Amino acid sequence: MDFNVKKLASDAGVFFTRAVQYTEEKLGQAEKTELDAHLENLIARADCTKNWTDKIFRQTEVLLQPNPSARIEEFFYEKLDRKIPSRITNAELLGQYMQDAAKDFGPGTPYGSTLITVGDYQKRLGGAEREFLQTSAINFLTPLRNFLEGDWKTISKERRLLENRRLDLDVCKARLKKAKLAEAKAAAAPDFQETRPRNYVLSASASALWSEEVDKAEHELRVAQTEFDRQAEVTRLLLEGISSTHVNHLRCLHEFVEAQAAYYTQCHKHMQDLQKELSRFPNAFAVNASTSGVSTGPSPLSSATLPGASSPSRPPNPSNALEPSTLKIEEVKPPATGTRKAKVLYDYDAADTSELSLLADELITVYTVPGMDPDWLIGERGNQKGKVPVTYLELLS
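Read on for an overview of the structure. On a predicted model such as this, the values are computed, not experimentally measured, just so you know.

Looking at helix 4 (residues 90-105)
- Relative to the 22 Å expected for 16 residues at 1.5 Å per residue, helix 4 spans 22 Å between its end C-alpha atoms, a close match to the ideal helical length.
- In this structure, the buried residues of helix 4 make contact with helix 5 (110-186).
- Gly 106, located one to two residues past helix 4, shows a positive phi value of around 110°.

See below:
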């Protein structure tokens, strides 16, 4: 082992002088060389970029992988430079559970067959999610990580070196200042009447020594100034590269948004296809309701959320939908707030004059009044007004 004692002592001496200079600056006992305004602005901009990039990176990791244990596992795999094992998504796991449950319930039953269908689409959603996670990690997370672990570490290293060069420069300035003060004091003309010749000779010799010390300090100052200027230029060039970093991150951000849009578009399409699949079983809800002793009237959710479903059966005539002794249909006034637009899903023929006939795909205004049966609403179309069944409508706003 090559152990250089002289170099170790020299480095220790440099570290000590820098520490003394830094402490005196903090205490206000020493002058400090200030960086130019342009470099200070670049440093502030770089610090801001690093801080916000780190926050965006961490929160994006949480968004893509909410499980902290999984994030820690992925972190260790990356540090060990090993491939991260493929992990099944929650939607895929749910889909598998649904399909396994359908085997026990009976794939031929309405519930079992629906579980199989929903489980298949859950797996598709999980596959789309996995693709989105992989794309986002490559196109967005990786560039941010490369900046934080690569470019920023290089910038930080050069900034620390610049700070050391500045401390060395200020140490040289302080040393030169002290040498000049001592030289001026030694060069002061002695009083020949009161001073012995020997003292005069010693004074002249001391003046010559301090003059040499001043020359040496000036040389060290020039060297320190040159090194400081060179390091300031290197640091400035690196900091100006932050603009290129912003451009790169902007491109990555666009790719992240595109990946998100593609993912949600796929999810929306899968859910629409699933609704179409479920609409092929319009009587499944009625079968379940009849076996449980509940009224077989279709619920608003089953018809309103499945656009392709067949026309529901006519709801029972609401003889008590409105109290006839206190309120008549022609006397009903729309409330000041609470009216909504609704799209008619199926044709409907009014059973009496209190009801309003409907045509599929038309838009009407609906609202409710105190005492209304929950299966019915008041509908208005132009000057026409009457009760309409909820199961024939899709509420829009």
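A short note on the pairing of strand 4 (residues 384-389)
- Bridge analysis of strand 3 (residues 376-381) against strand 4 gives 6 bridges, and the strand direction is antiparallel. When the bridges of strand 4 are listed, Trp 376 appears paired with Pro 389.
- Count of turn residues in the strand 3/strand 4 antiparallel hairpin: 2 residues, of which Gly 382 carries a positive phi of about 65°.

With respect to a nonpolar patch on the surface
- On the surface, a cluster of nonpolar side chains totalling about 300 Å² of accessible area is made up of Ile 88, Leu 93 and Tyr 97.
- Classification of Tyr 97 by relative accessible area gives exposed; the value is 53%.

Things to note about unusual backbone geometry
- For Asp 361, which is not glycine, the phi dihedral falls at a positive 75°.
- The residue Asp 361 is located in the loop between strand 1 (340-344) and strand 2 (363-367) in this model.

Thoughts on the packing of helix 2 (residues 37-64) against helix 7 (residues 242-278)
- Their axes nearest at 12 Å, the elements helix 2 and helix 7 cross at an angle of 20°. Judged on the interaxial angle alone, helix 7 and helix 2 are roughly parallel. Read as a crossing pair, helix 2 and helix 7 show a hand that is left-handed. On the side of helix 2, the interface is formed by Arg 45, Ala 46, Thr 49, Thr 53 and Leu 63, while helix 7 contributes Ile 242, Ser 243, His 246, His 249, Phe 256 and Gln 260.
- Grouping the amino acids of the contact of helix 2 with helix 7 by side-chain chemistry returns 4 nonpolar, 6 polar and 1 charged.

Some words on the sheet that holds strand 4
- With respect to topology, 5 strands assemble into an open sheet ordered 4-3-2-1-5, the strand pairing being antiparallel. Where the open sheet ends on each side, the last strands, each with one partner, are strand 4 and strand 5 (393-395). Taking each pair of neighbouring strands and ignoring which way they run, the sheet shows an average axis angle of 40°.
- Relative to strand 3, strand 2 runs antiparallel, the two sharing 3 bridges. Within strand 3, the position partnered with Tyr 367 by the bridge is Ile 378.

Comments concerning the side chain of Gln 122
- Tracing the backbone through its elements, the reader meets Gln 122 in helix 5.
- We classify Gln 122 as buried; its relative accessible area is 14%.

Some details on the packing of helix 4 against helix 5
- At their nearest, the axes of helix 4 and helix 5 sit 7 Å apart, and the two run at 165° to each other. By the angle between their axes, helix 4 is roughly antiparallel relative to helix 5. Of the two possible hands of crossing, helix 4 and helix 5 adopt the one that is left-handed.

Cut-offs applied
Residues numbered from 1 in each chain as written. Predicted model: local features only at pLDDT ≥ 70, side-chain atom pairs only at ≥ 80, totals over all residues. Heavy atoms only, no water. Helix = DSSP H or I, 4+ residues; strand = E, 2+ residues; numbered from the N terminus. Expected span 1.5 Å × (residues − 1). Contact = heavy atoms within 4.5 Å. Pairing = 2+ DSSP bridges. Patch = residues over 30% accessible without salt bridge, like charges linked within 9 Å, V, L, I, M, F, W, Y side chains within 5 Å. Areas by Shrake-Rupley, 256 points an atom, 1.4 Å probe, with all protein chains shown as cover. Salt bridge = Lys/Arg side-chain N within 4 Å of Asp/Glu carboxyl O. Buried < 20%, exposed > 50% of the residue type's maximum accessible area, 1.4 Å probe, protein only. Axes fitted to C-alpha atoms, helices over the stretch in contact; angles between N-to-C directions. Parallel < 35°, antiparallel > 145°, perpendicular 65-115°, else oblique. Left-handed = near helix turned anticlockwise from the far one by under 90°. Nonpolar A, V, L, I, M, F, W, Y, C, P; charged D, E, K, R; others polar.

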